[in-house]
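# Topology and contacts: notes
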Amino acid sequence: MKLHFSITAAEELRERRGGRYVLYSVCLEGFLLGKARYSQLRRWDAQLRQLFGSAVPAFPPKFYLAMTKSMADERRSQLEQYLQNVTLDSNITNSDVFIGFFRKLQQDTFKIQTQRAFLDVYLADGSNIRLDIQTSDTAERILEVTLCKMGLSRELIKYFSLFFFQDHDDGALSVVKKVAEFELPYVSLQSMKELHCKLGIRKWYMDPSLDTLLMDCRASLNLLYMQAVQEVKRNWVKPTEGQMQELEFLQKNANKAKFLELIREMQFYGYMRLDPCICDYPEEGCSADIYVGNNEINCCIKLSTNQTKEVSFKINRLKSWQVTFLGATKDSEEDTLELRFEYNDSGIWQWIILYTKQAFLLSSCLKKMISEQMMKAAKEGQEMVVHSGFISRKRFLVRPNEDDCVFEKIREEDL
């Protein structure tokens, strides 16, 4: 699955001997992962090519003359495209060369050496597990150690993931991003200090029926139960008054299995809730609460008349989506993101736009739903419609593909 890599800045610096070089800010899902020179990336490409040959995408050529501004912009775009394409092959992303490069890049950028440290990993109920780690440990390693320490069966680890999240004073929860397997959580937390993020474990699937695969393991049952209880408290799940009474009774009697069986019938269980955002449907400037899961994007939209309208955008009627960096707005110093998706509404294709800082998280959820649909279809011997897709420097456009979600580069004018 191609990752949301971008190069958001290219800074020209002077070397001690008087020469100049460009330092590229490499971001993953909108957050700075590290800064790298062209020469570093080129050496890394050579190492990958020794191991994987023609499976490695073409690397941007070296310029032997002074670069003009247009040449510099072209190189940045090409490097970004290279980073995106190289992640298509899981053999590459799982290799020591790939992981080692980004480990060193993160550590060097934020000046954090490999050493012993303590890291708190939070569970959904607010409790935490303190781990004795190395600062260079990857998210994959930390997730495995944490879940095994809790007694989770190894074959069930794939149903969970690490996330960065924020707890707010009003009790709300914001999921900031899913942590990539090769990312160094300790280093990322240091680089995101101003956001006051925590590292936590959440289930990572969008189909609530998959809960049934995890019910026989006590550790996974406990994790699902804790998350379900907290999402009811945070008003992510919408039980009726009668259902709420039943949940309270089951919770009081610690009947976790029955609790999870009942809650799967309730609206928005198993969904990822995003922070309130702005959308352009059915009219410009509407505020919306977004829930994504169970093969839909559900929007509770507040209209200009102060009336509310609930709209469900089904994933099987969604043709493509794209994430765009809009830059900082007049009212905010933070970069604004939009996610727009092409949707078939009564036989007419139209673009729906959501302005949300969690655009990359929403995109990851959509890719996950597509992946789960395809796995389910494969098991049932069904065929699914296959589309192509693309990703560009300023926009990330996704269309479902039988190899999960595949991206291809096209020209800006083709958007």
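Presented here is an overview of the structure given in this document. From a predicted model like this one, the values you see are computed outputs, not experimental measurements. (Residues numbered from 1 in each chain as written. Predicted model: local features only at pLDDT ≥ 70, side-chain atom pairs only at ≥ 80, totals over all residues. Heavy atoms only, no water.)

## Describing the packing of aromatic side chains
The description of an aromatic ring pair uses the distance of the two centres, along with the angle that the planes make with each other. If you walk through the whole model with that rule in mind, you get 22 aromatic pairs. Taking 5.8 Å as the distance between ring centres and 50° as the angle between the ring planes, the aromatic pair formed by Trp44 and Phe98 counts as tilted. Taken together, the residues span a long stretch of sequence, with Trp44 in helix H1 (residues 38–52) and Phe98 in helix H4 (residues 96–110) at a distance of 54 residues. Of the two residues examined, Trp44 and Phe98, each falls in the buried class. A centroid spacing of 5.0 Å and a plane angle of 55° characterise the contact between Phe98 and Phe102, whose relative ring orientation is tilted. Here the residue Phe98 and the residue Phe102 both occupy positions in helix H4, the gap between them amounting to four residues, near one helical turn. The buried category is assigned to Phe102, whose relative accessible area is 1%. (Phe/Tyr/Trp six-rings, centres within 6.5 Å; stacked < 30°, edge-to-face > 60°. Helix = DSSP H or I, 4+ residues; strand = E, 2+ residues; numbered from the N terminus. Buried < 20%, exposed > 50% of the residue type's maximum accessible area, 1.4 Å probe, protein only.)

## Topic: the nonpolar core
Core analysis: the biggest nonpolar cluster contains 51 residues, and Phe160, Leu162, Leu260 and Ile263 have the highest contact counts within it. Ranked by residue count, the leading element in this core is helix H7 (residues 218–233), at nine residues. Aside from chain neighbours lying at most four places away, what touches Phe160 is Leu143, Leu147, Leu152, Ile201, Arg202, Lys203, Trp204, Leu214, Ser220, Leu223 and Leu224. (Core = buried A, V, L, I, M, F, W, Y, C linked by side-chain atoms within 4.5 Å. Contact = heavy atoms within 4.5 Å.)

## Looking at the environment of Cys217
Among the secondary structure elements, Cys217 is positioned in the loop between strand S8 (198–203) and H7. Under the relative-accessibility criterion, Cys217 is labelled buried at 12%. Spatially, the C-alpha atom of Cys217 lies 8.7 Å from that of Gly151, the residues being 66 residues apart in sequence. Not counting residues within four places of it along the chain, the set of residues in contact with Cys217 comprises Gly151, Leu152, Ser153 and Leu156.

## Some words on the sheet that holds strand S3 (residues 31–37)
Taking strand neighbours across the sheet as the criterion, the three strands line up as S1-S2-S3 in an open arrangement whose pairing is antiparallel. Two strands close off the open sheet at either side, each with one partner strand: strand S1 (5–14) and S3. Sheet twist, expressed as the average angle between the axes of neighbouring strands with direction ignored, equals 25°. Here six bridges tie strand S2 (residues 20–28) to S3, and the two strands are oriented antiparallel to one another. Following the sheet pairing, Cys27 is matched in S3 by Leu32. In this fold helix H2 (residues 69–86) packs onto S1 and S2, with an angle of close to 135° to the strand it touches most, S1. (Pairing = 2+ DSSP bridges. Axes fitted to C-alpha atoms, helices over the stretch in contact; angles between N-to-C directions.)

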